[in-house]
Amino acid sequence: MDADFKMEVKDREEAERELGAGGGRGRTSRYEPIAQKWSEVAEDESIVLSDLEKNDIQNLRNLLYRRFGKENVIVRSAKQDDDTFKAVIRSREGNEYLRDE
């Protein structure tokens, strides 16, 4: 039986990276550099982002939790005095703040 599509086997990170960067207008493409940076930081390091909008926080969570697993990474955020948000991306410690779904 012949397939009418191409199929390749790639490691998970490479496949996800291809999705995020290849679509051009994909919803997560704006956040792809953050996901790439997260894949490069040491376990005891964090990424701090500022001047974010509320929807940026949720979009970051969606991308990072899907890509790296919500058991492994956490995105904490706080509203600033100027109505923007600051976020910290770091490794999750145990089941810290992990909701049952």
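Structure shown above.
I will try to describe carefully the structure that is included in this document. What you are looking at is a predicted structure, and each value in this text was computed from that prediction instead of being measured. (Residues numbered from 1 in each chain as written. Predicted model: local features only at pLDDT ≥ 70, side-chain atom pairs only at ≥ 80, totals over all residues. Heavy atoms only, no water.)

## Observations regarding the pairing of strand E3 (residues 85-91)
Okay, so step 1: Judged by how many residues are buried, E3 sits mostly within the fold: five of seven residues are covered.
Okay, so step 2: Pairing geometry for strand E1 (residues 47-52) and E3, over four bridges, is antiparallel. From the neighbouring strand, Leu-49 faces E3, where its bridge partner is Ala-87.
Okay, so step 3: In terms of strand pairing, strand E2 (residues 73-79) meets E3 through seven bridges, oriented antiparallel. (Buried < 20%, exposed > 50% of the residue type's maximum accessible area, 1.4 Å probe, protein only. Helix = DSSP H or I, 4+ residues; strand = E, 2+ residues; numbered from the N terminus. Pairing = 2+ DSSP bridges.)

## Examining helix H2 (residues 32-40)
Okay, so step 1: Buried residues of H2: Glu-32, Ile-34, Ala-35 and Trp-38, and no others. Taken down its axis, H2 places every buried residue within 160° of arc, on the same side. Exposed residues on H2 whose side chains face more than 90 degrees from its buried face are Pro-33 and Glu-40. (Arc of directions from axis to C-beta.)

## Concerning the nonpolar core
Okay, so step 1: Counting residues in each nonpolar core, the largest one holds 17 residues, and the members touching the most others are Trp-38, Leu-49, Leu-52, Leu-64 and Ile-89.
Okay, so step 2: Examining the composition of this core, we find that five residues originate from one element, helix H3 (residues 54-68), more than from any other.
Okay, so step 3: Beyond its immediate sequence surroundings of up to four residues, Leu-52 is in contact with Ile-57, Leu-60, Thr-84, Phe-85 and Ala-87. (Core = buried A, V, L, I, M, F, W, Y, C linked by side-chain atoms within 4.5 Å. Contact = heavy atoms within 4.5 Å.)

## Description of the side chain of Asp-56
Okay, so step 1: Mapped onto the fold, Asp-56 is located in helix H3.
Okay, so step 2: Beyond its immediate sequence surroundings of up to four residues, Asp-56 is in contact with Arg-30 and Tyr-31.

## Thoughts on the sheet that holds E2
Okay, so step 1: With antiparallel pairing, three strands are arranged side by side in an open sheet as E1-E3-E2. Every other strand in the sheet has two partners, leaving E1 and E2 as the edge strands with one partner each. In this sheet, neighbouring strand axes are inclined to one another by 20° on average, regardless of whether the strands run parallel or antiparallel.
Okay, so step 2: Running over the sheet, H3 touches E1, E2 and E3 and is turned about 175° from E2. (Axes fitted to C-alpha atoms, helices over the stretch in contact; angles between N-to-C directions.)

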